[in-house]
Amino acid sequence: MAGSIKGMPPVEVSELGGQNCMPFGVFYWKRMMSSTSAETDKVLAPNEKEKDKKENSLTEEQKRKEAGVVFSSYWGILRPKVTREDGTEWPWNCFMPWETYRADTSIDLGRHHVPKTFLDKFAYRTVKILRIATDMFFQRRYGCHAMMLETVAAVPGMVGGMLLHLRSLRKFQQSGGWIKALLEEAENERMHLMTMVELVKPKWYERLLVLTVQGVFFNAFFALYLLSPKLAHRIVGYLEEEAVHSYTEYLKEIDDGNIENVPAPAIAIDYWRLPKDATLKDVIIVIRSDEAHHRDVNHFASDIHYQGKELRESPAPVGYH
C-alpha cells in the first residue's frame, strides 16, 4: 500500500469538505497518508524519495505516451490490471473472467410449452405473428435476423429485473434470487448482440431499425409486465423457443455450406471460454444453448404466476457458469 499511495497527490480538506468540516472519509484518508509517509520516512531519505517519485512519474508518463492510452483513475488510483488464465491482458471491460458463462449444451433443445389457457394461446400466436413479419423482412439473412432478435431479447430481463428490484424496495421483501437471474439473462443476451455485431457489421439503416424496434418493444413490454407478469414471461418463453429454431436453421445453413464458417470473434471466445480455433458454428451452438436456458426460466416464471404465487416465493433457477 505504501508503494501505491506514495505517488498520489495530497488531498486537501478544503477541496472536499470545506474548512469547518472534516468528513470521516477525509479524516481516514489523511490519517492513512500520514501513517504511510511516516513509515516510508524511516526507509528512504528525503532526496531518495524525491528522486524515486520523479523517476516513477516519468516512467508512467512515458508508458502512457508510448501506448497512446488515457488511463481513467479515481483519486490517482488506476484500474487494476486483469489477465486471462494464461496471463495475457484482458481487453473487455464489460465482463470479467470469473463472470463468463459456460453454456450448458446438454440442455433439451426440443422442449415446447403446449399452450392451454387463453393467455398461453394469446402469447403463442402473438409470437408466431411476429415471427412471420421478421422472416419476411430478413428472409435468409440469418446474421442480421439474429442481431435483431438479440436486440429484442435483451430487453425483457432488464425490464423484469428492474421492476422486481423496485417492488422489493417498496415492500421490503426479498426477491428469491429472481432479480439477479433476470439481470443475468439481460447481460447474457447483450453479449449475444455484441457477438453478432462483430460478425454482421450492420449497416446504418439496420442500426436505425434496431433503435426503432427496441424503442417500441421496451415500452410495450414495460407496460405489459406491469399489467401481467405471467403473460410477459410466457411471451418471452415462446420468443426463446423461436430463437432456438432460428439458430438451428442458422447451423443447418453453415453445415450445408451456404454460410461460411468463419473464425469466432475474440469476444465470443473469451466470453464462452471457447478454444482459440473456435468457429462461427461453435458460437451459434453455445448461443442456442443459452436461448434454451432462457426459454425454460421464463416458462417456469410464468408457471409460478399461474399458481397464484409471486416470484420471490419460489427460488430462481440456478444460473450456469
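Let me sum up the structure you'll find in this document. Since the structure is predicted, the reported quantities are computational estimates derived from the model, not experimental observations.

Our next topic: the packing of aromatic side chains. Using the criterion set out here, one finds nine aromatic pairs in the structure. Seen from their ring centres, Trp178 and Phe300 are 6.1 Å apart, and the 25 degrees between their planes marks the pair as stacked. Placement of the pair is Trp178 in helix α7 (residues 178-200) and Phe300 in helix α11 (residues 280-306), with a sequence separation of 122 residues. Phe300 gets classed as partly exposed once you look at its relative accessible area, which sits at 35%.

Time to look at α7. Under the 1.5 Å per step criterion, the end-to-end length of α7 is 33 Å for 23 residues, consistent within 8% with the ideal 33 Å. Count one or two residues on from α7 and you reach Lys201, which has phi positive near 55 degrees.

Bringing the pattern of salt bridges into the picture now. Per the stated rule, a full pass over the model turns up 12 salt bridges. Taking the shortest distance from any N to any O, the salt bridge between Asp270 and Arg84 comes out at 2.8 Å. Residue Asp270 is found in helix α10 (residues 266-271), and its partner Arg84 is found in the loop between β2 (77-78) and α5 (118-138); the two are separated by 186 residues along the sequence. One salt-bridge network, held together by shared partners, links Lys128, Arg131, Glu242 and Glu249.

Once that is clear, we can look at the packing of α7 against helix α9 (residues 229-255). It is the contact of α7 with α9, at a shortest axis distance of 15 Å, that shows an interaxial angle of 30 degrees. Between α7 and α9, the crossing angle belongs to the class labelled roughly parallel. In this structure, α7 meets α9 at a crossing whose hand is left-handed. The residues of α9 that touch α7, namely those facing Leu182, Glu185, Glu189 and Met196, are His233, Val236, Glu240 and Tyr250.

Before going further, it helps to examine α9. Helix length check: α9, at 27 residues, gives a terminal C-alpha distance of 39 Å against a target of 39 Å (1.5 Å per residue), a fit within 8%. With 20 of 27 residues buried, α9 is to be regarded as a mostly interior element. Gly257, located one to two residues past α9, shows a positive phi value of around 85 degrees.

What follows deals with the environment of Arg295. Residue position: Arg295 is located in helix α11. You can call Arg295 buried: its relative accessible area is 1%. In sequence terms Arg295 and His233 are 62 residues apart; their C-alpha atoms lie 9.3 Å from each other. If sequence neighbours within four positions are ignored, Arg295 has contacts with Asp108, Leu109, Gly110, Arg111, Gly237, Glu240 and Glu241.

When the C-alpha atoms of Arg84 and Pro97 are compared, they prove to be 6.7 Å apart, with 13 residues separating the residues in sequence. For Arg84, the contacting residues outside a window of four places in its chain are Glu89, Trp90, Pro91, Trp92, Asp270 and Lys276. Side chain to side chain, Arg84 and Asp270 meet in a polar contact 2.8 Å long.

Structurally, the position occupied by Ser289 is in helix α11. Setting aside residues up to four positions removed in sequence, Ser289 forms contacts with Ala103, Asp104, Thr105 and Ile107.

The nonpolar side chains of soluble globular proteins are, as a tendency, buried together. With 33 residues, the main nonpolar core has Tyr247, Tyr250, Trp272 and Ile284 as its most contacted residues. Mapped onto this core, the elements with two or more residues apiece are α6 (142-171), α7, α9, α10 and α11. The residues contacting Tyr247, other than those within four sequence positions of it, are Ala146, Leu149, Glu150, Ile284, Ile287, Arg288 and Glu291. Counting 23 residues, the second-largest nonpolar core is a separate cluster that includes Phe221, Ala232, Ala301 and Ile304.

Thresholds applied
Residues numbered from 1 in each chain as written. Predicted model: local features only at pLDDT ≥ 70, side-chain atom pairs only at ≥ 80, totals over all residues. Heavy atoms only, no water. Phe/Tyr/Trp six-rings, centres within 6.5 Å; stacked < 30°, edge-to-face > 60°. Helix = DSSP H or I, 4+ residues; strand = E, 2+ residues; numbered from the N terminus. Buried < 20%, exposed > 50% of the residue type's maximum accessible area, 1.4 Å probe, protein only. Expected span 1.5 Å × (residues − 1). Salt bridge = Lys/Arg side-chain N within 4 Å of Asp/Glu carboxyl O. Axes fitted to C-alpha atoms, helices over the stretch in contact; angles between N-to-C directions. Parallel < 35°, antiparallel > 145°, perpendicular 65-115°, else oblique. Left-handed = near helix turned anticlockwise from the far one by under 90°. Contact = heavy atoms within 4.5 Å. Polar contact = N/O pair within 3.5 Å; in protein donor to acceptor, adjacent residues only side chain to side chain. Core = buried A, V, L, I, M, F, W, Y, C linked by side-chain atoms within 4.5 Å.

These results come straight from atomic positions and should not be treated as a statement about function.
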